[in-house]
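Structural overview
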Amino acid sequence: MKLLRLTVALCIGATSMATAQDLPYQMPPRAIAMLAEAAPTPRVSFSSNGQWMLLMDVRDMPPIAELSQPELRLAGLRINPRTNGPSRAAYVTSLRLRRLPDGKELLITGLPANARISDVQWSPDNSKVAFTHTTNNHVELWIADVASASARLVPNLFLNAVFGTPFEWVSDNKTIIARAIVGGRGEAPSPTEAPKGPAIQQNIGRTAAARTYQDLLKSPVDERLFDYYALSQVVKVGLDGRMAPLGQPGMIQEATPSPSGRYVLVRTRHRPYSYTLPVSSFPQRVEVLNLEGLVVKEMAELPLADNVPTSFDAVPTGPRNFGWREDAPNTLFWVEAQDGGNPKTEAAVRDKIFVVGSPFDGQPQELASLPLRFRDIHWGTDKLALIEGYRWADRKETTWTLDLTVKTSLTPLFERSSQDTYTDPGTPYLHRNAQGRPVLETDGDVVYFIGTGASPEGDRPFIDELNVRTKKSVRWWRSEAPYYEMPVSILDIGKRVFVTRRESPQEAPNYFLRDAPSLKVTPLTKFPNPYASIGNLQKQVLKYKRADGVELTANLYLPPNYKKEDGPLPTLMEAYPVEFKDKKDASQVKGSPYTFARLTWGSPVFWVTQGYAVLQGTSIPIVGEGNKEPNDTYVEQLTASAKAAIDEGKRLGVVDPNRVAVMGHSYGAFMTANLLAHTNLFKAGIARSGAYNRTLTPFGFQGEERTYWQAPEVYNAMSPFNFANKIKAPILLIHGEADNNSGTFPIQSERFYNALKGHGATVRYVVLPAESHGYAARESIMHMLWEMNTWLDTYVKKASTAPATDATKADAR
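Scope of this entry: the structure provided in the associated data block. Chains are numbered independently. Their residues run from 1 in the order of the written sequence. In view of the model being predicted, local features appear only for residues whose pLDDT reaches at least 70, and side-chain atom pairs are presented and counted only at 80 or more, with totals across whole chains, interfaces and linings using the full set of residues. Side-chain measures were taken over the full set of non-hydrogen atoms in the model, leaving aside hydrogen atoms and water.

Some remarks on the environment of Thr-398
Operational definition: Secondary structure elements follow DSSP: runs of H or I no shorter than four residues count as helices, runs of E no shorter than two count as strands, and numbering proceeds from the N terminus. Relative accessibility thresholds used throughout: buried, under 20% of the residue-type maximum; exposed, over 50%; partly exposed, between the two (1.4 Å probe, protein chains only).
Structurally, Thr-398 can be placed in strand E25 (residues 396-402). Note on Thr-398: relative accessible area 2%, which makes it buried.

Have a look at this one:
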C-alpha cells in the first residue's frame, strides 16, 4: 500500500508529463478518513403540540454504485427511471420518538427493511407521521402511528416524486392528497431510439435572454421522456385504504389541499416546452378542484416564461405565486407584477397581491400594493399578516404589517439592507395550527422572531417578542458565551418554554429544553462528539482590516496540540467571495467563536490533522457602493482581502506566508484561479467545480446582473481563463462529471485545464464519475481528500520556504 501511494504521488509530481491516468479510488490518511466517516448527527422534528420529538437517523455517503444508477436529466430535473423519483436524495434510515419532557424514547417498529425514508410529515393533530420509502423500483407511502410507535405501508399506491414531496395531509387527519403514477401508462420511451429528424430551436425577433441552466431538454426524445416520467394523477388517499382520483392526469407539479380540506390547488405544466429553460418556466395551468375531483375554477393559463429579463428581481407577467391563505378555510392569493416584471422600469408599484374566496368566481380583491418586489407573506389572523418585499439593486428589503380588514393598512415594520446583518430582526416564528398550516404565532398585536443575532462579538441567537403596533420588543432570551445556542422550536408561548440546539467548539450540537422565566435547562439529547479522536480543535475568530479599511474576519483552526513556540505552519486558506453594496455591511463580523466545527465533505478543517493551520470562511467582500458595481474592481479587492488574511496569520506567528495554499468550491474555485492568476501569494491552489470563462455565462453570474455585452471588460477581467499564461503556482482542478449547477459545466474545467497545460502550468484535472456539483459517494469523497492531501503535501508542506516575490503580478492584467 505504501508503494502504491508513493507511486501515485510520483505520478502527481511528474509535471513534465501530460498524460491520462487509470487510477483506482484512493484513501486519504487515516486521520482524515476517520473524520470524514464520522456518523452525521440525527435530524429532529417537533410535534406542534410540543409533546414529541422525532429523531431521524441519516445515511451519509452512499456507495458510488448507487450514485451510478440510471439517471435521466430532463428539464432541470434528475430522475431515476426505475423509481420515478429523484435520482439523488439523502435518506433517513430509522425513526425514533422521544416523549417530552420526560425523554422516554420509542423506536418506531414495522419500518421497511433497508429503509430509505424521505418527506417526513406530521399529521395536523400530531397523531401520525407520513413519509415516503424509496425501494429499488418505486416510491411508497407509509404511515406511522405515534401512540403505538408502529408504521405500515399504504398498499397499492406508487408515488410520482419527480417534482419533490409527492403528498400532503388534509386537515381531517384521515386523508392525504398524493401525486401517483398513472396506471396503464405503458412502456417508457427509449432514450436511445433513433432520431426521426433534427432538433430545432427558433426565435424570430423576440428578446428572450436566459441565464445558463443545466440538464435541459435537448430533443424530441427528451420531450417524450419528460411526458412519461412527469405524468401523474392526483389521488385522494384515505387511511382506511380507499382511494379516488381527482381531475385528469397531467404533468402535475403541485396538488395542495386548502386549509379546510374542501379543495385542492393543482398546478400542471404542459407543452410547448423549451430547450433553453427548465420546467419552472414551462407553460402552466392553475386550477382549483373539489374533493370529488371536479374542476371548480381555472385560475390561470400561463404561457412559456421565455421573455423574463435576466435581472435578479425580474418576474413573469401575469398572476404568479398562487397559494392558500393559511389562516382562512378556502381563500386563494396570488401576486401580479405592475412593472411588466422588469425592475429596470420606473414604477411606484412593483407588485399587487390579490385574494379570492370560494367558490372562486367572484371579483378578486386587491389586498396590497407593494413598492418593492414581493418575496413572501406570513399569514396570522384577519387583523394581521406580515409581507416581505425586496429590491436587488441596493439590497433593500422591507417587512410590512397588513390588517386584512382595511385595504390601506400596509405599514412598514422593518426597512433595512438585506446585507446589514446587525439589524436583522430575525424570522417570524410560525406554528402549525389545528389544520396543520404554518401561521404566525400571535396574540393580537404581538408576534415572535427568532434570529441569529449577528453582532460585533459574533452571532448570538435570540427570541424576541414584538408588538407590531408600538414596535416595542422584549427579548425573551439570548445565547451566551461560551456556547452558540440556536432556538429551533417554541413549545409553549405562554410559559416561554422552547427548544434550542446548543454547541461549542468542543461540544457537538445537542438539543435542550429551556424554561425562560426559571432559567431551567433540560437536556433532550446527548449526541457524542464525533471527532473526539483528534482531541479539542483550537478555533479562533480573527478580526483584521484590509488596506482600504474594510474589516474582515476568518476562522483560524490549529492542530490540537499546537503551541505558539512550534512556530508558523503551512496553511490552507478557504473562502467564498460575496458582493456588497456598502463597506459598512461588508465589515460586519461573520459567524461565532463558539460554533462546533462540523466537518462536511468539503471542509478544509480536515488538514489540521496533517499539521496545517486552516483559515476557513475567510472574508472576501467585493464592494461596489452607490452607482459602482462590486465586480468593477473584483481582482483588486480579491487580492487585498487575501493578502490581509495572510498578513494577519503571519502577525500572529501561526501562518508561514511562504507556504500558503488557497482552495475554494464553485465560486470559491473561480476565486482560487483568479488569485493564482493575479498574485504571487500562494504556493498552490485547489479549485473544485468552478467556472473559469465568464463568456460562457453571458447573461449574468453569481451577483452580477449585467450581461457580457453590457460589461465585456468586467467579464474579461474576471475570467481566469484569459490569464492562463500567468498561472505559475500548481493548481489542482476537481469537477463532478454530472455537475448540475447553473454555469459550472464540467467543460469549464476541461477547457481551463487545456489552456493551462498549453502554457506549461503544473496542473492536475480530476473528474469524479457520476458526481454532481456537491460530491456524495464515499469513494468520490475519499479520493477527493486524497488528491487534495497529496497536492498540499507535494507543493506546500514540502515546498521551499523562500520568500515569494511581490504579492501582485503587475503584468497580469
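Considerations on unusual backbone geometry
Geometrically, the link from Ser-358 to Pro-359 is a cis peptide bond, its omega value of 5 degrees lying close to zero. Along the chain, the position of Pro-359 falls in the loop between strand E21 (351-357) and strand E22 (365-370). Cis geometry is found at the peptide bond from Ala-481 to Pro-482, where omega equals 10 degrees. Tracing the backbone through its elements, the reader meets Pro-482 in the loop between strand E32 (473-478) and strand E33 (484-492). The residue Ser-666 is not glycine, and still its phi comes out positive at about 65 degrees. Within the element layout of this structure, Ser-666 appears in the loop between strand E43 (655-665) and helix H7 (667-678).

Here's the deal with the environment of Ala-691
We apply this condition: Throughout, a contact is declared for two residues whenever any of their heavy atoms are within 4.5 Å.
Positionally, Ala-691 belongs in the loop between strand E44 (684-688) and helix H8 (712-718). Spatially, the C-alpha atom of Ala-691 lies 44 Å from that of Val-447, the residues being 244 residues apart in sequence. If we skip the residues at most four places from it in the chain, Ala-691 touches Phe-670, Gly-743, Thr-744 and Gln-748.

So, empty space enclosed by the protein
So the rule is basically this: Put simply, the grid is 1 Å and covers the protein atoms alone, a cavity is a trapped set of points that fit a 1.4 Å probe, a pocket is an open set with protein on both sides within 12 Å along at least five of seven lines, and lining residues have an atom within 4 Å of a point. Grid points are joined across faces, edges and corners, and a volume is the space filled by probe spheres set on the points. Amino acid classes used here: Ala, Val, Leu, Ile, Met, Phe, Trp, Tyr, Cys and Pro are nonpolar; Asp, Glu, Lys and Arg are charged; the rest, including Gly, are polar.
As enumerated under the stated definition, the model contains two cavities of 30 Å³ or more in all. When its volume is computed, the largest cavity comes out at roughly 60 Å³. For the largest cavity, the full set of lining residues is Pro-505, Gln-506, Asn-529, Tyr-531, Ile-534, Gly-535, Asn-536, Leu-537, Phe-596 and Ala-597. When the residues that make up the lining of the largest cavity are grouped by side-chain class, the tally is six nonpolar, four polar and no charged.

Observations concerning the sheet that holds E33
Spelled out, the test is: Strand pairing is defined by DSSP finding a minimum of two bridges between the two strands. Between the N-to-C directions of two axes lies an angle of 0 to 180 degrees, each axis being a line fitted to C-alpha atoms and, for a helix, fitted only over the stretch in contact.
Strand order in the open sheet made by the four strands is E33-E34-E35-E36, with antiparallel pairing throughout. Because the sheet does not close on itself, it has two edges, and the strands there are E33 and strand E36 (520-523). Neighbour-to-neighbour, the strand axes of the sheet open up by a mean angle of 30 degrees, direction not taken into account. The pairing of E33 with strand E34 (residues 497-503) spans seven bridges and is antiparallel. Directly across from Ile-490, in E34, lies its bridge partner Phe-498.

Considerations on the packing of aromatic side chains
To keep it simple, the criterion reads: Two rings from Phe, Tyr or Trp (for Trp, the six-membered ring) form a pair when their centres sit within 6.5 Å of each other. Planes less than 30 degrees apart are called stacked, planes more than 60 degrees apart edge-to-face, and all others tilted.
Per the stated rule, a full pass over the model turns up 30 aromatic pairs. Between Trp-476 and Phe-498, the aromatic rings sit 6.3 Å apart at their centres with planes inclined by 40 degrees, giving tilted as the arrangement. Of this pair, Trp-476 sits in strand E32 while Phe-498 sits in strand E34, and the two are 22 residues apart along the sequence. A residue is classified by how much of its surface remains accessible, and Trp-476, at 9% relative accessible area, is buried.

Some points on the nonpolar core
Under the convention used in this document: We call a set of buried Ala, Val, Leu, Ile, Met, Phe, Trp, Tyr and Cys residues a nonpolar core when their side-chain atoms join them within 4.5 Å.
Counting residues in each nonpolar core, the largest one holds 59 residues, and the members touching the most others are Tyr-634, Phe-682, Leu-733, Phe-752 and Leu-756. Counting residues in each nonpolar core, the second largest holds 39 residues, with Ala-36, Ala-38, Val-614 and Met-782 among its members.

Regarding the sheet that holds strand E5 (residues 85-86)
Spatial strand order, E3-E4-E5: three strands in an open sheet with antiparallel pairing. On the outer flanks of this sheet lie strand E3 (72-74) and E5, each paired with one strand and no other. Of the pairings in the sheet, the one linking E3 to strand E4 (residues 77-80) comprises three bridges and is antiparallel in character. In the strand pairing of E4, Leu-74 is matched with Leu-77. Packed onto the sheet, helix H4 (residues 220-230) meets E3 and E4 and runs at close to 100 degrees relative to E3.

Observations concerning H4
Every α-helix carries 3.6 residues per turn, so stepping three or four residues along brings you back to the same face. With eight of 11 residues buried, H4 is to be regarded as a mostly interior element. If you check which residues of H4 are buried, you get Val-221, Asp-222, Glu-223, Leu-225, Phe-226, Tyr-228, Tyr-229 and Ala-230. Against the buried residues of H4 lie E3, E4, strand E14 (232-238) and strand E15 (243-257).

Notes on the side chain of Thr-256
Rules: The definition of a polar contact used here is a pair of N or O atoms within 3.5 Å, where within protein one atom must be able to donate a hydrogen and the other to accept one, and adjacent residues in sequence count solely through side-chain atom pairs.
Examined against the element boundaries, Thr-256 turns out to sit in strand E15. A relative accessible area of 9% means that Thr-256 is categorised as buried. At a separation of 3.4 Å, a polar atom in the side chain of Thr-256 contacts the side chain of Glu-168. Within the structure, the side chain of Thr-256 is placed 3.0 Å from the side chain of Glu-254, a separation counted as a polar contact. Filtering out sequence-adjacent residues up to four positions away, Thr-256 remains in contact with Glu-168, Tyr-263, Val-264, Leu-265, Trp-324 and Arg-437.

Things to note about the pattern of salt bridges
Put simply, the rule is: Only one rule defines a salt bridge in this text: a Lys or Arg side-chain nitrogen within 4 Å of an Asp or Glu carboxyl oxygen.
All told, the structure shown has 49 salt bridges when counted by the stated rule. Glu-66 serves as the salt-bridge partner of Arg-116, at 3.9 Å between the closest nitrogen and oxygen. Of this pair, Arg-116 sits in the loop between strand E7 (105-107) and strand E8 (117-122) while Glu-66 sits in helix H3 (residues 64-67), and the two are 50 residues apart along the sequence. On the basis of relative accessible area, Arg-116 is assigned to the buried category, the value being 13%. In this structure, Asp-548 and Arg-546 form a salt bridge, with 2.9 Å as the shortest nitrogen-oxygen distance. Judged by its relative accessible area of 3%, Arg-546 is buried. Among the charged side chains, a salt-bridge network with shared partners connects Arg-320, Asp-339, Arg-350, Asp-351 and Arg-373.

Geometry only, nothing functional implied.
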